[in-house]
Amino acid sequence: MKDIGSMYEQELKEEMLSLGEPAYRAAQVYKWLQSGVKTFDEMTNIPKSLKEKLVKNYYISFASIEKKLISAYDGTRKYLLSFPDGEAVESVLMQYHHGYTSCISTQVGCKMGCTFCATGKSGFSRNLTASEMLAQLRAEQEDADIRISNIVLMGMGEPLDNYDNVLRFLRLVGSENGMNIGMRHISLSTCGVVPKIYELADEKLQLTLSVSLHAPNDQIRSRTMPINRKYGIGELLKACRYYIDKTGRRISFEYAMIDGVNDSDACASELASRLHGMICHVNLIPVNTVGGTGYKKSRQDRIRSFISVLERAGITATVRRTLGSDINASCGQLRRAYKKEEKTE
Ligand code: SAH
Ligand code: SF4
């Protein structure tokens, strides 16, 4: 059985021809799939004979809502979405003044093991397909009865560790007959899988790249982010410079402020000198609570002082607004859960 919802329109054309069908059926089937049908039966302009062939050879991915929490503070919605194989991921729908932003997952769990992150603590199960990433958006749109205008790949998983499926998703979601959400409305966050940053740069996409830096030097970063032992900060920032050169896009550096770990003025000036001359922005996130990590948020006055050191060195920095904190929907708080477990609760 093939995953038909992850196919480009051009690939569908080839499938139609191999099924002995005219090529124009591809456009019809593609539109149906992108509109979010869950069964072939719903494709009303497709003849029965073709539907039978489709049912035999392909499956349509969809996500079912297992659980939904709505923040009393800001209306942010966190969904636990399951796939037919029983695996489940979390996705978050946030409302901003310019519209709705969805934060979706790219993997079930994550292999990267960052010490401050709930996803990293819950292990890795499998990659998501492009159609499963699309299915998260559709489930949210349908449930909240809204249209999503922006997407951030900042849920569970490391997008660049699932590179091919993520790229396929980006192209599908931007297609005219699909959801038509362009690259300028999409951000991708990575912990720093260096070879893939080079590959992505060569694609010259107009998406926003966020890099989870979280430390100004290898000593601190290797302690909290195991990936740093493979690709150190020097190598990572070299890749970032290449990315900026190739795409002309500004990079956003994520920096979780952890009390007593990475939040001193000395850390700020080291960070400033490392980022010197780069077209970038620093996004500070007071670290969100994750059980068992022992990490605490930096104090307000510490954060203010950190920012002023950066600004004096000419680096712009802002503190990210925390949404959905009452429902554990903030950065790094998404974790693996099983559909089965949810049902027995
Ligand atoms: N794997 C990717 C994307 C998902 S995580 C990455 O790491 O970039 C989304 C963002 O939340 C990343 O910047 C991540 O470093 C950050 N994050 C993880 N745990 C956090 C925590 N406890 N508090 C604040 N931010 C956290
Ligand atoms: Fe994975 Fe990102 Fe969490 Fe690190 S911060 S464990 S890369 S999801």
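Residues numbered from 1 in each chain as written. Chains lettered and ligands numbered in written order. Predicted model: local features only at pLDDT ≥ 70, side-chain atom pairs only at ≥ 80, totals over all residues. Heavy atoms only, no water.

### Here we look at the packing of aromatic side chains
Our working rule: Ring geometry is summarised as follows: Phe, Tyr and Trp rings, the Trp one being its six-membered ring, pair when their centres sit within 6.5 Å, and such pairs are stacked at plane angles under 30 degrees, edge-to-face over 60 and tilted between the two. Secondary structure elements are defined from DSSP: runs of H or I of at least 4 residues count as helices, runs of E of at least 2 residues count as strands, and each element is numbered from the N terminus. Each residue gets one of three labels from its accessible area relative to the maximum for its type: buried under 20%, exposed over 50%, partly exposed in between, using a 1.4 Å probe on protein chains only. By definition here, charges over rings are those cases where NZ of Lys or CZ of Arg is within 6 Å of the ring centre and within 35 degrees of the ring normal.
Counted according to the given criterion, the structure contains 2 aromatic pairs. Relative to Y242, the ring of Y198 lies with its centre 5.0 Å away and its plane at 55°, an arrangement referred to as tilted. Remark: Y242 occurs in helix α9 (residues 233-247) and Y198 occurs in helix α7 (residues 194-203); sequence separation between them is 44 residues. With a centroid separation of 5.2 Å and an interplanar angle of 40°, the aromatic rings of Y255 and F306 are classed as tilted. Of this pair, Y255 sits in strand β12 (residues 251-257) while F306 sits in helix α11 (residues 300-312), placing them 51 residues apart in sequence. Each member of the pair, Y255 as well as F306, is classed as buried. Over the face of the ring belonging to F124 we find K111, whose NZ or CZ atom lies 4.8 Å from the ring centre.

### Some remarks on the site of ligand 2
So the rule is basically this: If a single non-hydrogen atom of a residue is within 4 Å of a molecule or strand, that residue counts as near it. Each residue gets one of three labels, nonpolar for Ala, Val, Leu, Ile, Met, Phe, Trp, Tyr, Cys and Pro, charged for Asp, Glu, Lys and Arg, and polar for the others, Gly among them.
Neighbouring ligand 2 are the residues C110, M112, G113, C114, C117, G120, G157, E158 and C191. Taken together, the residues that form the shell around ligand 2 break down as 5 nonpolar, 3 polar and 1 charged.

### A word on the confidence of the model for the protein
Defined as follows: Residue-level confidence of the predictor, termed pLDDT, takes values from 0 up to 100. Residue contacts are counted whenever heavy atoms from the two residues lie within 4.5 Å of one another.
Residues with a pLDDT of 70 or more make up 97% of the protein, whose mean pLDDT is 94. The low-confidence segment residues 340-345 (pLDDT under 50) makes 5 contacts with residues lying over four places distant or belonging to another chain.

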